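Observations on the model geometry
One letter stands for each residue in the lines below.
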Amino acid sequence: MAEPRPPMLETRKRASAAQPPRWRLPEWWTNANHKWLKTAAVAAVLILVLVLGTFAYALVTLPDPSKLDIGAGSVRIEDRHGTLIEERNAEGARVNPVKLEQISPTLQNATIAVEDKNFYQHHGIDWGRVIKAGIIDTIARSPEQGASTITEQLAKIAVLRSPKKSILVKLREAMVATSLESRYSKKDILAMYLNTIFYGHHATGIEAAAEVFFGKHANELSLAEASMLAGLPNGPSYYDPALHLERAKARQAIVLDAMVRQQMITSDQATEAANAKLNFVFKESRSSQAPHFVDFVFEQLENLYGPSVVNRGGFVVKTTLDLNMQKAAEHSVQVGLQQLGRLGADNGDLLAMDPKTGEILAMVGSADFFNNDIQGQFNVVTGLRQPGSSFKPYVYEQAFKSRKLTMGNLLDDTSRHFAGGQFHDFDLRDMGIITAHKALVLSRNIPALETMQMTGIDDVNNLARDMGITTNLKSEVTTAIGSSEVRMLDHVVGYGVFATGGVRHDPVSILGITDRSGNTLDTPSPPKPKQVLTPQEAYLITYILKDYSSTWGLGWNRPFAGKSGTTNNFRDAWMMAYAPNLVVGAWVGHTGPGNSNMNGVYGSMVGSSTLRDFINNGLSTAHFSVETFQRPSGLVDGRPCADNSNVSSSASASASASPSASGKNVGSEKELFLPGTECKPAPTPSPSPTPSPTPTLVPSIVPSLLGTPTPSASPSSTVVPSVP
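Cut-offs applied
Residues numbered from 1 in each chain as written. Predicted model: local features only at pLDDT ≥ 70, side-chain atom pairs only at ≥ 80, totals over all residues. Heavy atoms only, no water. Buried < 20%, exposed > 50% of the residue type's maximum accessible area, 1.4 Å probe, protein only. Helix = DSSP H or I, 4+ residues; strand = E, 2+ residues; numbered from the N terminus. Pairing = 2+ DSSP bridges. Axes fitted to C-alpha atoms, helices over the stretch in contact; angles between N-to-C directions. pLDDT = per-residue confidence, 0-100. Contact = heavy atoms within 4.5 Å. Polar contact = N/O pair within 3.5 Å; in protein donor to acceptor, adjacent residues only side chain to side chain. Phe/Tyr/Trp six-rings, centres within 6.5 Å; stacked < 30°, edge-to-face > 60°.

**Considering the pairing of strand S1 (residues 74-78)**
Of all 5 residues making up S1, 4 are buried, and the element is well covered by its neighbours. As paired strands, S1 and strand S5 (residues 315-319) are joined by 4 bridges and run parallel to one another. Following the sheet pairing, Val 75 is matched in S5 by Phe 315.

Right, dumping it as structure tokens:
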């Protein structure tokens, strides 16, 4: 009898048991509640693939360190039309490379101390510095800490072909650095580095730098000289001792401190070197059509891409400069000095900018770049000077913007005390009750101080910063009339806000960077524009200042608004001018030997000499068409106010209560108002006897027409920077 067949279920179980177990996904992957783990795992795999791919690509494309070209190429600087401004060929300026034995040991130590203190211990990459830099940068959320070794910097000079920064480039640098360490000795690497880096002033390599800066060989450098030079490659333009000696000395102190910490020198030696007088010679030959602008561009390049990339060169920089306008600007500066030189002016500058883009069209940083007597290499456009009355538009703009004043309101132009000092105007005259409109166009001091006090000093300063002023503004009432120093570069940006109807565009000097074949390497993104004022608010100042040239007899034949400024003892004379598509600032002063104060040079004289030539003649030569101002909608026409009842109670009490508020000096010009701020109708006056004719009051002395009055003061009075 046959045995019964086993149940089918048991047969299947036995068959299943005989087969090897199949791989199963982990439970967390199949669990619907663990979706985030799946996502994280996929992301980790993708990142790993990306890292490995990047590493493999960098390895495949790695150049042979034995065939590296460590020579520096040239950098060609062109204007906006492609015309050559200057070509910096570091190779041509380089003296033959020297052996390490021909370089001062002090310079070697200074370089190692400040750039790579563990140079003789690591193998191309200092992982301790990398980790430290990563932690600091993570906390600061920006690249604050450098971690490149001397070997990596040498690799960067050798392998970079583009100014762009990327992870791939950094990875290749690290690989090349490691390869260099395996092929060359430390002494060879240090020698190559010191013969390759750029120190500024066309000096590539330490031998060239020693000759250019101090007129000696690299093996003759003292501790003071070596510590100065060792700090320059970190920013050759930024730390240029010819232009920024204070920055260079601060950098030198960092080098000396690093040497002390590494026990290379003693504290006493560091102190002696820091206090030692450095005899710079700056022996260089240079051919440039706009040297101050080129230096400015190189500083921007170093900020964007780092000194080592700029030193490597091999690219073309297309800039914003218009050489036709540049030549016209240089000529106008000379015209101004020819007319004002007899009064003590020996230096001048001029900056022209497109307010719609921030693009710099002309930059004359001094009257003569190669004249050491006037410190010609210093770019006054980027230096600090007191602006005098040219600061007043910021004060009135904040007052109008905050509705604390209108151009039709009344101010009291009477000498009085402010902040503990006696103040008066440049002509020692009081005009009494006048409108804010007249106070600004006639550049009266007392009304400006009154407006500053009424509006709020900090509010005015904050607006000025929003409009482009980057320097420290004192929280003092005298800032209204120019006691706080500003940069011409910032001031032009600020006036550009008026020109554009309230939009700020920060300075731009670089349009693009290409290689020698014309292939685009980088196009820097311009700063984002910022709406600071409404078109109506901005036009209130323009409406007043568009009559400045005719009021002061400046003789401009194009529709520019303007404002002058003169500082105490005629130390600085400014003239600002703007149209919708061009902002111009000009300055004259005395920076050569002798007294730095000029003999009666007013800012309005700069307007009737330097800027008159530039506006009337230079712009025609440069084929530049000036746009005319267009009044925006939304403003209300009106007459001057009879009192100040239309604004806040912070307005001048003396003006509001004055019985003569509706009388002489108020003016009859048409005023513009923001909606809701118009003057209230004046009460109908009672009949009164017809007064006898009153002679017309001359508002103030116009220096360009009626001579050059010299302000004087009694011993108890305070004269401050605020003349036209």
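**Observations regarding the sheet that holds strand S20 (residues 582-589)**
Strand order in the open sheet formed by 5 strands is S7-S6-S20-S19-S18, and the pairing between neighbours is antiparallel. Pairing within the sheet leaves two strands with one partner each, and these edge strands are strand S7 (360-364) and strand S18 (561-566). Averaged over all adjacent pairs, the angle separating strand axes in this sheet is 10°, with direction ignored. Two elements, S18 and strand S19 (residues 572-579), share 6 bridges in a ladder whose sense is antiparallel. Paired with Ala 561 across the bridge in S19 is Tyr 578.

**Quick word on the confidence of the model for the chain**
Summing up the model confidence of the chain, the mean pLDDT is 83 and the portion of residues at 70 or higher is 76%. Low confidence marks residues 140-145, where pLDDT is under 50. Its contacts with residues over four positions away, or in another chain, come to 8 contacts. Contacts from residues 688-722, a stretch scored under 50 in pLDDT, to residues over four places away or in other chains number 71 contacts.

**Considerations on unusual backbone geometry**
The phi angle at His 201 is positive, at roughly 55°, despite the residue not being glycine. Exposure remark for His 201: the relative accessible area of 9% places this residue in the buried category. Its identity as a non-glycine residue notwithstanding, Leu 428 has a phi of 60°, on the positive side. With respect to the helices, strands and loops of the structure, Leu 428 is situated in the loop between strand S11 (421-423) and strand S12 (432-435). Residue class for Leu 428 comes out partly exposed when judged on its relative accessible area of 43%.

**A look at the side chain of Asp 522**
Relative to the elements of secondary structure, Asp 522 occurs in strand S16 (residues 520-522). On the accessibility criterion, Asp 522 (16% relative accessible area) is buried. A polar atom in the side chain of Asp 522 sits 2.5 Å from the side chain of Tyr 305.

**Description of the packing of aromatic side chains**
Under the defined criterion, the tally for this structure stands at 19 aromatic pairs. Considering the side-chain rings of Phe 369 and Phe 370, the 5.1 Å spacing of their centres and the 80° angle between planes classify their relative orientation as edge-to-face. Classification of Phe 369 by relative accessible area gives buried; the value is 6%. When the ring of Phe 426 is compared with that of Tyr 602, the centres are 6.0 Å apart and the planes differ by 70°; the resulting orientation is edge-to-face. Of the two residues, Phe 426 sits in the loop between S11 and S12 while Tyr 602 sits in the loop between S20 and helix H24 (603-608), which places them 176 residues apart along the sequence. Taken as a pair, Phe 426 and Tyr 602 share a single burial class, namely buried. Feature note: the residues Phe 391, Tyr 394, Tyr 495, Phe 498, Tyr 578 and Phe 629 constitute an aromatic cluster, connected by ring pairs.

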